[in-house]
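Now for the letters of each chain:
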Amino acid sequence: MIEETSLRPAASPYPLSVRRASTARLPTRWGEFSISGYQSLTSGEEFVALHMGEMRPDLCTLARIQSQCITGEVFGSARCDCGPQLRRTFELVAREGRGVVVYQLQEGRGIGIINKIRAYALQDEGADTVEANERLGLAVDLREYRQCAEILLELRLHRIRLLSNNPLKLRAVEEAGLEVVERIAIEVNARTDALAYLRTKKRKMGHLLTSV
Ligand SMILES: [Zn+2]
């Protein structure tokens, strides 16, 4: 049986619903990170956290919740800004020597890669990203950020500077009990292909973007 105290690290005011499975070194082109794997205690979901430097509840730490986007991050797709956002985050963390990226393994806002390709096909015919999901009978955003926020608590963080344009992520970390000392906009120069997508996110999903 797991002692409850093992699920309740210093910075967490309540038992967490995620469990750290393992941590290892991860040297990258941006410097030396640690990589930790997490499992949800309430679903089959898995998460990864990349963290650099000492994680301390008293220090105000750069943090980002990045949601998986294989097309943008791996294939260099210009349909969205996910790849440049992730690289920009690593640059900022490296410059500061401390910070964390919680990576949520939920492709395409939770709809999966096949449905994401179907949605892209509808967008090729003129639908925007929200309409495409609706036409496929899928929720616009299935992601749940609560457990991503709990990972920050598990890492013993309490005060963060959140790199995000997404008001749902901001709300999730605050509701989880973290203090967001600052929200840092993460806007990268969008290529023309991504502009319509970003404008839809701003207009229909409330994203806090100023440059589109
Ligand atoms: Zn993307």
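Residues numbered from 1 in each chain as written. Predicted model: local features only at pLDDT ≥ 70, side-chain atom pairs only at ≥ 80, totals over all residues. Heavy atoms only, no water.

Draft legend 1. Up close: the overall build of the protein chain. Assigned secondary structure in the protein chain consists of seven helices and seven strands. Against the compact-globule benchmark of 17 Å for 212 residues, the protein chain has a radius of gyration of 17 Å, which places it among compact chains. Referenced to the eigenvectors of the C-alpha coordinate spread, the extents of the protein chain come out at roughly 55 × 40 × 30 Å. Each of the 212 residues in the protein chain was classed as buried or not, and the buried ones make up 49%. Relative to all contacts within the protein chain whose residues are 6 or more apart in sequence, the contacts with residues 24 or more apart total 60%. Summing over all exposed atoms, the protein chain offers an accessible surface of approximately 10,400 Å²; the carbon and sulfur share of this is 50%. When the 30 basic and 27 acidic side-chain charges of the protein chain are each reduced to a single mean position, those positions are 4 Å apart. (Helix = DSSP H or I, 4+ residues; strand = E, 2+ residues; numbered from the N terminus. Rg over C-alpha atoms; globule rule 2.2 N^0.38 Å. Buried < 20%, exposed > 50% of the residue type's maximum accessible area, 1.4 Å probe, protein only. Contact = heavy atoms within 4.5 Å. Areas by Shrake-Rupley, 256 points an atom, 1.4 Å probe, with all protein chains shown as cover. Lys, Arg positive; Asp, Glu negative; His and termini not counted. Charge placed at Lys NZ, Arg CZ, Asp CG, Glu CD.)

Draft legend 2. Spotlight on empty space enclosed by the protein. Following the criterion strictly, the structure yields two cavities of 30 Å³ or more and no others. Put simply, the parts of the chain that give the lining of the largest cavity at least two residues each are β4 (61–67), α2 (82–96), α3 (113–124), α4 (129–135) and α7 (192–205). A total of four residues in the lining of the largest cavity trace back to one element, the largest contributor, which is α3. Split by residue class, the lining of the largest cavity holds 10 nonpolar, 12 polar and seven charged. Each pocket or cavity is described by its volume, and for the second largest cavity that value is around 30 Å³. (1 Å grid on protein atoms, 1.4 Å probe; cavity = no way out; pocket = protein on both sides within 12 Å on 5 of 7 lines; lining within 4 Å. Points joined across faces, edges and corners; volume = space filled by probe spheres on them. Nonpolar A, V, L, I, M, F, W, Y, C, P; charged D, E, K, R; others polar.)

Draft legend 3. Geometry of the sheet that holds strand β6 (residues 159–163). Reading across the sheet, the seven strands line up as β1-β2-β3-β5-β4-β6-β7 and stay open at both edges, with mixed pairing between neighbours. The open sheet has two edge strands with one neighbour each: β1 (18–28) and β7 (179–184). On average, each strand axis in the sheet is tilted by 25° relative to the strand beside it, whichever way the strands run. Sheet analysis places β4 next to strand β5 (residues 99–104), joined by five bridges and oriented parallel. Residue pairing across strands places Arg64 opposite Val101, the latter belonging to β5. Contacts from α2 reach β2 (31–40), β3 (46–52), β4, β5 and β6 within the one sheet, and its direction differs from that of β4 by about 160°. Its contacts with the sheet place helix α5 (residues 146–154) against β1, β2, β3, β4, β5 and β6, and it is angled at close to 145° to β5. (Pairing = 2+ DSSP bridges. Axes fitted to C-alpha atoms, helices over the stretch in contact; angles between N-to-C directions.)

Draft legend 4. The arrangement of the layout of surface pockets in detail. Taken as a whole, the largest pocket holds about 230 Å³ of empty space. Arg29, Trp30, Val48, Leu50, Glu73, Val74, Leu86, Arg87, Phe90, Val101 and Tyr103 together form the lining of the largest pocket. Of all the secondary-structure elements, those providing two or more residues to the lining of the largest pocket are β3, α2 and β5. Looking at the lining of the largest pocket, the element that brings in the most residues is α2, giving three residues.

Draft legend 5. Examining the packing of aromatic side chains more closely. For the structure on display, the rule yields two aromatic pairs. An angle of 75° between the planes, with centres 5.3 Å apart, marks the rings of Phe33 and Phe90 as edge-to-face. Of the two residues, Phe33 sits in strand β2 while Phe90 sits in helix α2, which places them 57 residues apart along the sequence. Both residues of the pair, Phe33 and Phe90, belong to the buried class. By the ring-pair criterion, three or more aromatic residues cluster together here, those being Trp30, Phe33 and Phe90. Arg79 extends its terminal NZ or CZ atom over the ring of Tyr120, reaching a point 4.2 Å from the ring centre. (Phe/Tyr/Trp six-rings, centres within 6.5 Å; stacked < 30°, edge-to-face > 60°. Lys NZ or Arg CZ within 6 Å of the ring centre and 35° of its normal.)

Function cannot be inferred from these measures alone, as they are strictly geometric.
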